[in-house]
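Spelled out from the first residue to the last, the chains are:
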Amino acid sequence: MKAMKTVAVALGITLGALVIIPLLVLGGLFIWLKLTEESDEETLELDGDGA
């Protein structure tokens, strides 16, 4: 019975990690894109002034 409980806990942790880790990665990419999007717009504005 103890072995089944251990397997169930391990399975729960594994499934939780399979859900949480991709969400963290996607969240990080979203933040990175938002930060780089602002700097790209500033670069475009500077290029437009110079032309």
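Predicted, not measured: the structure shown is a model, and the values here were computed from it.

1. Here we look at the overall build of the chain
If you tally the helices and strands in the chain, you get one helix and zero strands. Among the 51 residues that make up the chain, the fraction classed as buried is 0%. Summed over all atoms, the accessible surface of the chain reaches about 4,800 Å², with 75% contributed by carbon and sulfur.

2. Regarding the pattern of salt bridges
One pass over the structure, following the stated rule, counts one salt bridge. Notably, a salt bridge pairs Glu-37 with Lys-34, separated by 3.8 Å at the nearest N-O pair. Residue Glu-37 and its partner Lys-34 are both found in helix H1 (residues 2-50); the two are separated by three residues, about one turn of the helix. Assessed through its relative accessible area of 37%, Glu-37 is described here as partly exposed. Judged by its relative accessible area of 42%, Lys-34 falls in the partly exposed class.

3. Some points on a nonpolar patch on the surface
A surface patch of nonpolar side chains, amounting to about 1,000 Å² of accessible area, comprises Val-19, Ile-20, Ile-21, Leu-23, Leu-24, Val-25, Leu-26, Leu-29, Trp-32 and Leu-33. Mapped onto the elements, Leu-33 comes out in helix H1.

Calculation criteria
Residues numbered from 1 in each chain as written. Predicted model: local features only at pLDDT ≥ 70, side-chain atom pairs only at ≥ 80, totals over all residues. Heavy atoms only, no water. Helix = DSSP H or I, 4+ residues; strand = E, 2+ residues; numbered from the N terminus. Buried < 20%, exposed > 50% of the residue type's maximum accessible area, 1.4 Å probe, protein only. Areas by Shrake-Rupley, 256 points an atom, 1.4 Å probe, with all protein chains shown as cover. Salt bridge = Lys/Arg side-chain N within 4 Å of Asp/Glu carboxyl O. Patch = residues over 30% accessible without salt bridge, like charges linked within 9 Å, V, L, I, M, F, W, Y side chains within 5 Å.

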